[in-house]
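Given next are the chains, with one letter for each unit.
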Amino acid sequence: MATAGKVIKCKAAVAWEPNKPLVIEQIEVAPPQANEVRIKIVATAVCHTDLYHLFEGKHKDGFPVVLGHEAAGIVESVGTGVTEFQPGDKVIPVFLFQCRECRFCKSPKTNQCEKGGSTVRLDAMVSVDSRFTCKGKKVQQFAGTSTFSEYTVVNQMALAKIDPAAPLDKVCLLGCGICTGYGAAVNTAKVEPGSTCAVFGLGAVGLAAVMGCKAAGAERIIAVDINPEKFEKAKVFGATDFVNPKDHTKPISQVVSEMTNGGVDYSLECVGNVGVMRSALESCVKGWGVSVIVGWTDLHDTAVRPTQLIAGRTWKGSLFGGFKGKDGVTQMCKAYMDKKLKVDEFITHNMTLDQVNDAIELMKNSKCIRTVLNVSPQ
Ligand code: NAD
Ligand code: ZN
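Keep in mind that what you see is a predicted model, and the values were worked out from it rather than measured.

Caption draft 1: Local environment of the overall build of the chain. Per the secondary structure count, the chain includes 12 helices and 20 strands. Seen through its C-alpha atoms, the chain measures out along the principal axes to roughly 65 × 40 × 35 Å. Taken over 378 residues, the chain has a buried fraction of 57%. Partitioning the intrachain contacts of the chain with sequence separation of at least 6 by distance along the chain shows that 69% fall at a separation of at least 24. With an accessible surface of roughly 15,700 Å², the chain has 52% of that area assigned to carbon and sulfur atoms. Distance from the positive charge centre (43 side chains) to the negative charge centre (38 side chains) of the chain: 2 Å.

Right under this line is the structure:
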């Protein structure tokens, strides 16, 4: 392409500081270096983790930054050493690396690639290095992706090639929320046929967890949310029972336990609240109940009485639904194209990149599942 090897000037939403609206700016995107790929972002969605960084985490080293990590695009150019991708390929960036060579990538037990840690800081959630500048200042890259931009540069280990026929304004959701929730049920909890499950939090992540429980053959899926507007959507994905904690004075774990003769087989926390994490664990049946933490926070400790675990419950966490970064996206995209996975149903709003602050406001007020921002034409 004519732009290969050159700096691209394009539009991006810059978060100059925490708690402030993003500013649409012209930024410069440097060419990809060794093992990097520059992508034209076609569509990106807003995930709660973007809001976490902006309003909750607010890490001092994490600004200014271009947020966004749930997107799909087209390869514009590649750096030296990149053989897997070519200009024109349709791709989805992933915040989770997969180098295929480290001991973690070689183990079927985990998706925690060793290489990711050397390029993306987990505490500040930004890349160690960035190809972005704006008004003479370095702007950081969020989660190694930064998709609220017309162009971004990612490492080839954090990029999945997808079916060229895939609609990018839909499959962008596979870059985070859907794989995360679905995989947390299927890969991490390992939900079994005939089981009873409870999902706490019915954003895209929680709804995808409901879909995963259903796909794994769960018989009963209890959907828990403080916003009852989410229940109708949860039904679409397979939820059978609905609990609004605001309707009860008793602890929710007690409500769930009474509904299920002692607790559910599996529970998934998809909120990011340490109190809810505890209730989700306590909603599990003793003996074999498994509870998975999916919601994100690094701000507080979570506590539990040891006897809860001594009685046979298991507490786990799940990053990106336990999927290996690249392989998971490719596999889930194929499942969508084969009509075995719902994706379109998660999209409640479509906007443009210029409207990113409206999309953030919608999520903050729990008024959307996913808003897709159309960034560039396909
Ligand atoms: P979202 O904001 O769309 O959904 C959160 C839902 O939780 C909302 O429906 C809200 O009403 C509900 N909720 C809030 N407080 C509640 C409570 N006390 N009890 C029950 N429900 C409550 O967010 P999302 O995009 O679906 O993300 C959900 C969480 O998953 C976030 O914490 C996000 O950071 C995290 N996340 C984790 C990973 C991972 O790899 N582990 C990846 C992506 C997102
Ligand atoms: Zn996300």
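Caption draft 2: Summary view of the sheet that holds strand β17 (residues 290-293). Taken together, six strands build an open sheet; the order of strands is β15-β14-β13-β16-β17-β18 and the sheet is parallel. Pairing within the sheet leaves two strands with one partner each, and these edge strands are β15 (241-243) and β18 (314-317). Recorded for the sheet is a direction-independent mean angle of 20° between the axes of neighbouring strands. Relative to strand β14 (residues 220-224), strand β13 (residues 196-200) is paired through five bridges, and the arrangement is parallel. In the sheet register, T196 faces β14, and the bridge partner there is R220. Strands in contact with helix α8 (residues 252-259) are β13, β14 and β15; relative to β15, the strand with the most contacts, it is inclined by about 155°. Its contacts with the sheet place helix α9 (residues 274-282) against β13, β16 (266-269), β17 and β18, and it is angled at close to 175° to β16.

Caption draft 3: The arrangement of the pairing of strand β19 (residues 347-352) in detail. Pairing of β19 with strand β20 (residues 370-374) involves five bridges; the strand directions are parallel. Across the sheet, residue N350 finds its bridge partner in β20, namely V372. Read as a crossover between parallel neighbours, the route from β19 over helix α12 (residues 356-364) to β20 is right-handed.

Caption draft 4: Seen up close, the coordination of the zinc ion (ligand 2). The zinc ion (ligand 2) binds to the protein through C47 (SG), H69 (NE2) and C176 (SG), with metal-donor distances spanning 2.0 to 2.2 Å. Summarised as a motif, the one-chain spacing of the donors to the zinc ion (ligand 2) is C-x21-H-x106-C. Remark: C176 occurs in the loop between α4 (168-171) and α5 (177-189) and H69 occurs in the loop between β4 (65-66) and β5 (70-78); sequence separation between them is 107 residues. A relative accessible area of 2% means that H69 is categorised as buried. For C176, a relative accessible area of 5% corresponds to the buried category.

Caption draft 5: Representation of the nonpolar core within the structure. Counting residues in each nonpolar core, the largest one holds 61 residues, and the members touching the most others are V171, L174, I178, L268, L341 and F346. For this core, the leading source of residues is helix α6 (residues 204-215), giving eight residues. Those residues in contact with V171, other than ones at most four positions away along the chain, are A72, I92, I162, A166, C333 and Y336. Counting residues in each nonpolar core, the second largest holds 49 residues, with I41, M125, Y151 and M363 among its members.

Caption draft 6: Summary view of the site of ligand 1. If you check the shell around ligand 1, you find 28 residues, and the closest are H48, T49, D225, V294 and F320. Side-chain polar atom of T49 to an oxygen atom of ligand 1: 2.9 Å apart, as the coordinates give it. Against a free-state accessible area of 870 Å², the protein chains account for coverage of 90% of ligand 1. Counting only elements with at least two residues in the shell around ligand 1, the list comes to α1 (48-57) and α6.

Caption draft 7: Spotlight on the sheet that holds strand β9 (residues 132-134). Strand order in the open sheet made by the five strands is β1-β2-β9-β10-β4, with mixed pairing throughout. Pairing within the sheet leaves two strands with one partner each, and these edge strands are β1 (8-14) and β4. Pairing geometry for β1 and strand β2 (residues 23-29), over seven bridges, is antiparallel. Across the sheet, residue I8 finds its bridge partner in β2, namely V29.

Reading the values: rules and limits
Residues numbered from 1 in each chain as written. Chains lettered and ligands numbered in written order. Predicted model: local features only at pLDDT ≥ 70, side-chain atom pairs only at ≥ 80, totals over all residues. Heavy atoms only, no water. Helix = DSSP H or I, 4+ residues; strand = E, 2+ residues; numbered from the N terminus. Buried < 20%, exposed > 50% of the residue type's maximum accessible area, 1.4 Å probe, protein only. Contact = heavy atoms within 4.5 Å. Areas by Shrake-Rupley, 256 points an atom, 1.4 Å probe, with all protein chains shown as cover. Lys, Arg positive; Asp, Glu negative; His and termini not counted. Charge placed at Lys NZ, Arg CZ, Asp CG, Glu CD. Pairing = 2+ DSSP bridges. Axes fitted to C-alpha atoms, helices over the stretch in contact; angles between N-to-C directions. Right-handed = clockwise from strand over helix to strand, strands pointing away. Donors = N, O, S within 2.8 Å, 3.2 Å for Na, K, Ca; no water. Core = buried A, V, L, I, M, F, W, Y, C linked by side-chain atoms within 4.5 Å. Near = heavy atom within 4 Å. Polar contact = N/O pair within 3.5 Å; in protein donor to acceptor, adjacent residues only side chain to side chain.

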